[in-house]
Amino acid sequence: MSTSNLAKSDIVYCRGEKFRLYLDRETIANRVAELGARISADYEGRVPVLIGVLNGSFMFLADLLRSIEIECEVDFLKLSSYGASKISSGVVRELKKIDADIEGRDVIIVEDIVDTGLSMQFIVDRISEDNPSSVRTATLLHKHEATRVESQLDYVGFRIKNLFVIGYGLDYGQLARNLDQIYILDGEEPQ
Ligand code: IMP
């Protein structure tokens, strides 16, 4: 069963597994707008560079950008993914580097989800090597119970339990990114 023809439903199927609605589009939109307003206020008079972490952050980043009311730039980097697994491999590799010159710039790293925290730590270390004047982080979701490596998280959309989630850019084996709401594996309780 495909995800796309069930995208308006509270239940979706992906790779033969059942997922149910966890964060609906209005809840996501309201929270993203709040984060955008905070970033606009925090960076007033400056021009931050937002660095989206591909692939998962593209939808969050697109909505976040549209709610930011100051000038800003955008760039992307890409890390290796989980493949088709639901468990973090714990191995992070950089597959695409940023193009922007971020020396002396205010950088905001934008992630879809922080799970073990290894990716975020890797990215913060990687970006810091280029001597930006400041580095902050934004993540739509934080699985705080799964986090093994604490990195500084400045803008967090939702703190969620240790649940596998899909939709709004988040994938399961590259599928389900196109869902505009966030779904969790059925049988697991939302907090
Ligand atoms: P970490 O390095 O373990 O923190 O994992 C971060 C990356 O794993 C995220 O950028 C996502 O690409 C992926 N990821 C972690 N949890 C989930 C999930 O529940 N659904 C989909 N992708 C996830």
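Our structure's up above, just so we're on the same page.
(A) Quick look at the overall build of the chain. Across its full length, the chain carries 3 helices and 10 strands. Counting helices and strands in the order they occur from the N terminus, the chain gives β-β-α-β-α-β-β-β-α-β-β-β-β. Here the chain has a C-alpha radius of gyration of 16 Å; the compact-globule value for 191 residues is 16 Å, and the two agree. Judged by the C-alpha coordinates and their principal axes, the chain covers about 50 × 35 × 25 Å. Within the chain, the fraction of its 191 residues that count as buried is 47%. Considering only contacts in the chain between residues 6 or more positions apart, those separated by 24 or more positions represent 67%. As presented, the chain carries roughly 9100 Å² of accessible surface, and 47% of it is formed by carbon and sulfur atoms. Taken together, the 22 basic and 31 acidic charged side chains of the chain have centroids lying 5 Å from each other.

(B) Region of the structure containing the site of the ligand. Taken together, the neighbourhood of the ligand is formed by 17 residues, with D115, T116, S119, K143 and V165 sitting nearest. In the model, an oxygen atom of the ligand is placed 2.9 Å from a nitrogen or oxygen of the D112 side chain. Contact with the protein chains hides 91% of the accessible area of the ligand, taken as 490 Å² for the molecule alone. Elements with a contribution of two residues or more to the shell around the ligand: β6 (106-114) and α3 (118-128). The greatest single-element share of the shell around the ligand, amounting to 4 residues, is contributed by β6.

How each quantity is defined
- Residues numbered from 1 in each chain as written.
- Predicted model: local features only at pLDDT ≥ 70, side-chain atom pairs only at ≥ 80, totals over all residues.
- Heavy atoms only, no water.
- Helix = DSSP H or I, 4+ residues; strand = E, 2+ residues; numbered from the N terminus.
- Rg over C-alpha atoms; globule rule 2.2 N^0.38 Å.
- Buried < 20%, exposed > 50% of the residue type's maximum accessible area, 1.4 Å probe, protein only.
- Contact = heavy atoms within 4.5 Å.
- Areas by Shrake-Rupley, 256 points an atom, 1.4 Å probe, with all protein chains shown as cover.
- Lys, Arg positive; Asp, Glu negative; His and termini not counted.
- Charge placed at Lys NZ, Arg CZ, Asp CG, Glu CD.
- Near = heavy atom within 4 Å.
- Polar contact = N/O pair within 3.5 Å; in protein donor to acceptor, adjacent residues only side chain to side chain.

That's the geometry; what it means functionally is another story.
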